[in-house]
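# Per-entry structural report
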Amino acid sequence: MAEATQDLKTVLLNDRHVALGGRMVPFSGYSLPVQYPTGIIAEHKWTREHAGLFDVSHMGPSFLVLDQKSGDGQADHEVVAGLVEPLICGDIKGLKPGQVRYTLLLNQEGGALDDLMIARPAAEGWGGALYIVVNAGTKEGDFQRIAAAAAGKATLNRADHCALLALQGPEAVEVMRAVVPEAADLAFMHYGAFDFEGTRLVISRSGYTGEDGFEILVEPDHAGRFWDRLLSDGRVKPIGLGARDSLRLEAGLPLYGHDLDETVSPIEAGLNFAVAKRRREAADFPGAARILDELGGNLSRVRVGLFVEGAPAREGAEIVDQDGNAIGRVTSGGFSPSLNRAIALGFVPPSHATPGTRLQVLVRGRSQAAEITATPFVPHRYVRKPAK
Amino acid sequence: MTKFTKDHEYITEDGTVGITPYAQEQLGDIVFVELPQVGKKLKQGDEAAVVESVKAASEIYSPVSGTVIAVNEALSGEPGLINTAPETEGWIFKLALDDAGELDGLLDAAAYAELTK
């Protein structure tokens with residue numbers, strides 16, 4: 001996984017990460033902090049108990065905007081949604097103003113090219129636009145694909161020159177209330193644009209840690225100031241990529257390039273909710289034949305959670321049944337700081353996917369006991385309807 | 001006199017092996033340690049133990065040839081001892097050396113400090 005360091009891009013807040021003692025490592029072509037001096041476990045636990053601030057500016061935020069709007073917000077939304085729906089399995093036309101949806105970009109075989117967020121602006125005047133956030137490692141291809149699908153009708157404006165921050169944890173909402181009070185009233189998986197001292201922030205109530213929290217897009221000139229403001233709150237600490245990964249693993253959330261790739265369908269990945277009812281009925285998404293067949297029960301592998309005894313089983317570790325037959329592989333695995341034990345995600349046949357099924361994983365050539373368990377490993381604590 | 005390897009293991013005069021403060025700092029929080037069997041014969045450079053951080057597994061190599069005569073069982077319950085006290089309570093295993101002459105080929109403290117500068 002060694003990446004050439006000389007070609008790495010830096011994020012806007014690079015100097016701050018270095019000044020905070022961040023250990024900078026290559027990740028998806030960027031130099032990013034894997035941890036700060038307190039270390040991954042302390043950062044992980046802080047996020048579960050208080051509020052963690054993550055710089056995720058390597059990701060791909062963008063806005064797809066209709067070239068010609070009718071002025072009718074609903075009609076314009078349906079037109080722009082209609083441009084991206086042929087690429088994905090989600091119901092974007094059906095989004096209400098301000099709603100954010102998790103969906104998958106699929107190839108013609110129904111395999112995942114990426115997982116992403118697509119959101120409909122809350123403001124009527126922004127009808128005909130979509131806020132789209134894709135993964136860092138796939139963003140060039142995703143952006144090309146979306147721009148091509150919309151060519152002549154809508155323009156994709158990249159926003160990855162901005163800073164994208166994530167504020168996550170049970171105290172995130174009160175931290176946000178002190179800085180951008182109106183944003184604290186967002187419901188889970190909703191977003192809006194909010195004034196902050198002379199700039200507009202695009203804030204969604206979302207994240208990838210299993211905790212309540214927000215993701216915030218900040219204009220370049222204001223990014224440092226906003227980061228500093230959040231960190232000046234004693235409830236907030238900066239958190240690196242290491243804890244981001246252990247948090248999302250505990251939350252049972254798939255990581256693109258590991259638990260999801262071009263061969264994995266949403267159904268195999270256990271993301272059935274992401275294949276919208278309307279799209280199933282219309283069978284009008286890429287790979288519909290395979291995916292509908294899998295939904296009908298014709299499935300050869302499914303993503304599962306595993307408790308692993310002993311050493312962590314890392315990505316690539318073979319999963320074997322009690323008779324020693326190879327039945328699958330770990331796709332991401334590590335140590336759970338909250339549970340103080342090894343956990344993993346991987347793929348096995350449906351016949352071996354029932355929670356409680358005893359299996360083994362091979363770590364450095366030796367077998368270790370493992371057991372299928374329901375995910376998330378640590379319960380999600382999203383705030384679906386915030387109290388006003 | 002304690003000696004060091006380029007792979008950041010140390011070995012004390014009595015044959016106790018562990019990883020250096022620099023190495024534990026680079027690895028981050030240690031969450032699991034795979035210890036060798038007492039009685040195992042190791043050649044210089046053989047993989048002797050595995051130290052797992054949250055992020056990754058790292059092999060620990062035997063600085064010299066010898067037989068494992070003790071392992072630090074405390075690490076099974078408290079692997080973080082390698083972070084908090086790598087040179088004392090966080091030792092990993094102890095060797096009876098085959099050939100004390102092999103120590104001469106290792107780095108002394110000054111040379112090791114130079115390596116990690």
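Predicted, not measured: the structure shown is a model, and the values here were computed from it. (Residues numbered from 1 in each chain as written. Chains lettered and ligands numbered in written order. Predicted model: local features only at pLDDT ≥ 70, side-chain atom pairs only at ≥ 80, totals over all residues.)

So, about the overall build of chain A. Counting secondary structure elements, chain A contains 9 helices and 20 strands. Taken over C-alpha atoms, the radius of gyration comes to 21 Å for chain A, in line with the 21 Å a tight globule of 388 residues would show. Its C-alpha atoms give chain A principal-axis dimensions of roughly 65 × 50 × 45 Å. Looking at chain A as a whole, 50% of its 388 residues are labelled buried. (Helix = DSSP H or I, 4+ residues; strand = E, 2+ residues; numbered from the N terminus. Rg over C-alpha atoms; globule rule 2.2 N^0.38 Å. Buried ≥ 20, exposed ≤ 12 C-beta atoms within 10 Å, placed from the backbone.)

The next point concerns the sheet that holds strand β15 (residues 302-308) of chain A. Through backbone hydrogen bonds, the strands of a sheet pair up, either in parallel or in antiparallel fashion. Residue and element names in this part refer to chain A. Read around the barrel, 6 strands follow the order β15-β18-β17-β16-β19-β20 and close on themselves; strand pairing throughout is antiparallel. Neighbouring strand axes in the sheet, compared pairwise and without regard to direction, differ in orientation by 45° on average. By the bridge criterion, 7 bridges tie strand β17 (residues 326-336) to strand β18 (residues 341-348) in an arrangement that is antiparallel. For V330, the partnering residue across the bridge sits in β18 and is G346. Docked against the sheet, helix α7 (residues 241-250) engages β17 and β18, running at close to 125° with respect to β17. (Pairing = 2+ DSSP bridges. Axes fitted to C-alpha atoms, helices over the stretch in contact; angles between N-to-C directions. Contact = placed C-beta atoms within 7 Å.)

What follows covers the nonpolar core. Grouped together as the largest cluster of nonpolar side chains are 140 residues, with contacts concentrated most on L64(A), V84(A), L165(A), L167(A) and M176(A). Those residues within four positions of V84(A) in sequence are excluded, and the remaining contacts are L64(A), I92(A), I118(A), L130(A), I146(A) and A149(A). (Core = buried A, V, L, I, M, F, W, Y, C linked by C-beta atoms within 7 Å.)

The next thing to look at is the domain arrangement of chain A. Along its sequence, chain A is organised into domain 1 (9-57 + 162-250), domain 2 (60-158) and domain 3 (300-373). A C-alpha centroid distance of 36 Å is found between domain 2 of chain A and domain 3 of chain A. (Domains from an automatic or database assignment.)

Before going further, it helps to spend a moment on the environment of L260(A). All names here are of chain A. Considering the arrangement of structural elements, one finds L260 in the loop between α7 and α8 (277-282). For L260, a count of 24 C-beta atoms within 10 Å gives the class buried. Separated by 148 residues in sequence, L260 and A112 place their C-alpha atoms 6.5 Å apart. With residues up to four places along the chain from it excluded, the contact list for L260 reads A112, D115, P254 and A269.

A few words now on unusual backbone geometry. Residues and elements named next belong to chain A. Cis peptide bonds are those with omega within 30 degrees of zero, and the linkage from T375 to P376 qualifies with 0°. Mapped onto the fold, P376 is located in the segment after β20 (366-373). Positive phi values are uncommon outside glycine, yet E197 reaches one of about 45°. Along the chain, the position of E197 falls in the loop between β11 (191-196) and β12 (199-204).

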